[in-house]
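Breakdown of the fold
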Amino acid sequence: MGEQPLFTCKAHVFQLEPEMKKSWIPLSTTAVNVQIFHDPIKNIYRIVSVEGTKALINSIVTPRMTFTKTSQKFGQWIDFKLNLVYGLGFANDIELNRFVDKFKEIKEMTRSTATILRPHERSNSCEITNFNRHVLNDSNDSNDVQLKIENEKLRAALTQTTQNTRKIEDEMHILKTNNMRLTAALQETQNSMEIWKKELQFYKDECGRLKNLNSSNSSRNDSDQVSSSTNFISPINQSTGQSNLRLKYELLQLTDNFDRKFAELLEIREQLRKIINEVT
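Below you will find a few notes about this structure.

Before going further, it helps to spend a moment on the pattern of salt bridges. Using the criterion set out here, one finds seven salt bridges in the structure. Linking K261 and E264 is a salt bridge whose minimum nitrogen-to-oxygen distance equals 3.9 Å. Of this pair, K261 and E264 are both found in helix α4 (residues 235-279), three residues apart, which corresponds to roughly one turn of the helix. Here the residues in one salt-bridge network are E206, R209 and E250, joined through shared partners.

In structure tokens, the structure reads:
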């Protein structure tokens with residue numbers, strides 16, 4: 001009576017690199033059958049996996065073996081007789097837990113049938129323990145290196161995030177400052193516009209007054225032409241001449257004031273353009 005299959009599952013098969021024991025070597029190209037067989041004659045249990053004609057795993061389960069879960073989908077065990085570390089990658093944690101439960105069950109079966117160790121078996125046991133300690137130490141060293149790498153990545157990401165935050169804060173401060181300047185400039189322009197409206201109305205009223213005054217002077221000039229024909233300058237003519245001079249002076253002053261206000265308007269418009277360019 002030959003070996004009997006007790007359990008079958010699918011998993012990716014790996015083997016820890018024998019020399020340095022720091023990296024996993026994939027033995028299968030895809031998920032393959034991983035089976036547990038029982039030989040009732042020899043009363044031994046074997047974990048077997050074959051891909052095509054290539055034997056990937058041929059590991060006899062012993063009471064000292066332990067299957068260790070290293071992640072939600074990956075687990076490993078040490079074959080002390082072959083001095084090899086095997087790893088299995090499952091599709092999900094359910095398949096992994098099924099294998100773990102079966103492994104424990106088989107291990108208990110081998111423990112119940114184990115005999116008292118002979119002297120040479122005690123020596124092998126010491127060697128196996130030393131090998132197990134060596135593999136675990138190497139595994140811890142590998143985990144420490146990986147942890148340092150992850151910490152460096154996290155530190156770099158944190159530094160970049162801090163720099164980006166400072167850059168955003170600086171940009172927000174510039175935008176806030178420009179917004180305050182633009183608001184102040186618009187407020188100043190609005191106040192100036194109110195003043196200009198009043199001054200413009202004043203200019204209109206003043207122009208109307210001067211226009212009426214000019215019409216009045218023209219009428220007086222027409223009425224005084226007879227007097228001027230006698231080559232006699234009357235006091236009325238002298239008063240009319242003074243009024244015309246005053247009218248001319250006020251018109252010139254009005255023009256100068258308007259030109260000055262217009263220049264101020266152009267200057268403020270240029271300042272607004274500069275602020276708008278800085279904001280954009």
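Additional details are given in the paragraphs that follow.
Residues I47, W77, L88 and F99 are the most contacted members of the largest nonpolar core, which totals 25 residues. Broken down by secondary-structure element, the contributors of at least two residues to this core are β1 (4-16), β3 (32-39), β4 (44-51), β5 (54-60), β8 (84-89) and α1 (93-112). The contact partners of L88, leaving out residues within four places of it in the chain, are A11, H12, V13, V34, I57, F67, K73, F74, G75, W77 and F99. Formed by five residues, the second largest nonpolar core is a distinct cluster that contains A185, W196, I268 and L272.

Attention now moves to the packing of aromatic side chains. Counted under the stated rule, the structure contains eleven aromatic pairs. With centroids separated by 5.7 Å and ring planes inclined at 45°, the aromatic side chains of F67 and F103 adopt a geometry described as tilted. Of this pair, F67 sits in the loop between β5 and β6 (68-69) while F103 sits in helix α1, and the two are 36 residues apart along the sequence. We note that F67, like F103, is buried. Ring centres of F90 and F99 lie 5.8 Å apart, and the angle between their planes is 45°; on these two criteria the pair is classed as tilted. According to the relative accessible area criterion, F90 is buried, its value standing at 6%. Connected via pairs of aromatic rings, a cluster forms that spans F7, F67, W77, Y86, F90, F99 and F103.

Moving on: the pairing of β5. Across six bridges, the pairing between β4 and β5 is antiparallel. Paired with V50 across the bridge in β5 is A55. Between the end of β4 and the start of β5, which pair antiparallel, lie two residues, with G52 showing a positive phi angle near 70°.

What follows deals with a nonpolar patch on the surface. A contiguous nonpolar surface patch, about 510 Å² in accessible area, is contributed by M193, L200, F258, F262, L265 and L266. Counting residues per element, the ones that place at least two in the nonpolar patch are α2 (119-223) and α4. No other element matches the four residues that α4 contributes to the nonpolar patch. Tracing the sequence through the fold places L266 in helix α4.

Each value, and the rule that gives it
- Residues numbered from 1 in each chain as written.
- Predicted model: local features only at pLDDT ≥ 70, side-chain atom pairs only at ≥ 80, totals over all residues.
- Heavy atoms only, no water.
- Salt bridge = Lys/Arg side-chain N within 4 Å of Asp/Glu carboxyl O.
- Helix = DSSP H or I, 4+ residues; strand = E, 2+ residues; numbered from the N terminus.
- Core = buried A, V, L, I, M, F, W, Y, C linked by side-chain atoms within 4.5 Å.
- Buried < 20%, exposed > 50% of the residue type's maximum accessible area, 1.4 Å probe, protein only.
- Contact = heavy atoms within 4.5 Å.
- Phe/Tyr/Trp six-rings, centres within 6.5 Å; stacked < 30°, edge-to-face > 60°.
- Pairing = 2+ DSSP bridges.
- Patch = residues over 30% accessible without salt bridge, like charges linked within 9 Å, V, L, I, M, F, W, Y side chains within 5 Å.
- Areas by Shrake-Rupley, 256 points an atom, 1.4 Å probe, with all protein chains shown as cover.

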